[in-house]
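Chains, contacts and geometry: an overview
If you want the building blocks of each chain, they are given just below.
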Amino acid sequence: QVQLVESGGGSVQAGGSLRLSCVVSGYTYARPTMGWFRQAPGKEREGVAAISAQGYTTYCADSVKGRFTISQDNAKNAAYLQMNSLKPEDTAMYYCAAGWSGARCWPADFGDWGQGTQVTVSS
């Protein structure tokens, strides 16, 4: 079975930075596209960024462009989300997900999900 485990969340003041990590296991047939999503209480899940097995990156939310960077280390089976210049509106549960090669920003294209890691940004 596929398993994804996120880490790196926490609380930070506005303007600070956090780096989220996601380690995936169980994908032995092909490397998936990795995506990051976030969901705040009472709001729908929002795509943040995705990176294909070949390293092509997509930033899904205009609000994170220029502040967040998605990357991966295939040798470590890991994906990362570097978050800089954090704002209170970035506060959410952040989820790592794995999807088919063409998956980008649509949650339904991702079949496997991590448990989430909480990010809280205070003003």
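So, a few notes on the structure that sits alongside this text. (Residues numbered from 1 in each chain as written. Predicted model: local features only at pLDDT ≥ 70, side-chain atom pairs only at ≥ 80, totals over all residues. Heavy atoms only, no water.)

**Quick word on the layout of surface pockets**
Estimates place the volume of the largest pocket at around 180 Å³. Elements with a contribution of two residues or more to the lining of the largest pocket: strand 3 (18-25) and strand 8 (78-83). Classifying every residue of the lining of the largest pocket by side-chain character gives six nonpolar, six polar and one charged. (1 Å grid on protein atoms, 1.4 Å probe; cavity = no way out; pocket = protein on both sides within 12 Å on 5 of 7 lines; lining within 4 Å. Points joined across faces, edges and corners; volume = space filled by probe spheres on them. Helix = DSSP H or I, 4+ residues; strand = E, 2+ residues; numbered from the N terminus. Nonpolar A, V, L, I, M, F, W, Y, C, P; charged D, E, K, R; others polar.)

**As for the pattern of salt bridges**
With the rule as written, the count across this model stands at four salt bridges. Between E46 and R38 there is a salt bridge, with its nearest N and O atoms 2.8 Å apart. Among the residues examined, E46 registers a relative accessible area of 31% and is labelled partly exposed. On the basis of relative accessibility, which here comes to 6%, the residue R38 falls in the buried class. The partner of R38 in a salt bridge is D90, and the shortest N-O contact between them spans 2.9 Å. Taken together, the residues span a long stretch of sequence, with R38 in strand 4 (residues 33-39) and D90 in the loop between strand 8 and strand 9 (92-99) at a distance of 52 residues. By relative accessible area, D90 is classed as buried at 1%. Connected via shared salt-bridge partners are R38, E46, R67 and D90. (Salt bridge = Lys/Arg side-chain N within 4 Å of Asp/Glu carboxyl O. Buried < 20%, exposed > 50% of the residue type's maximum accessible area, 1.4 Å probe, protein only.)

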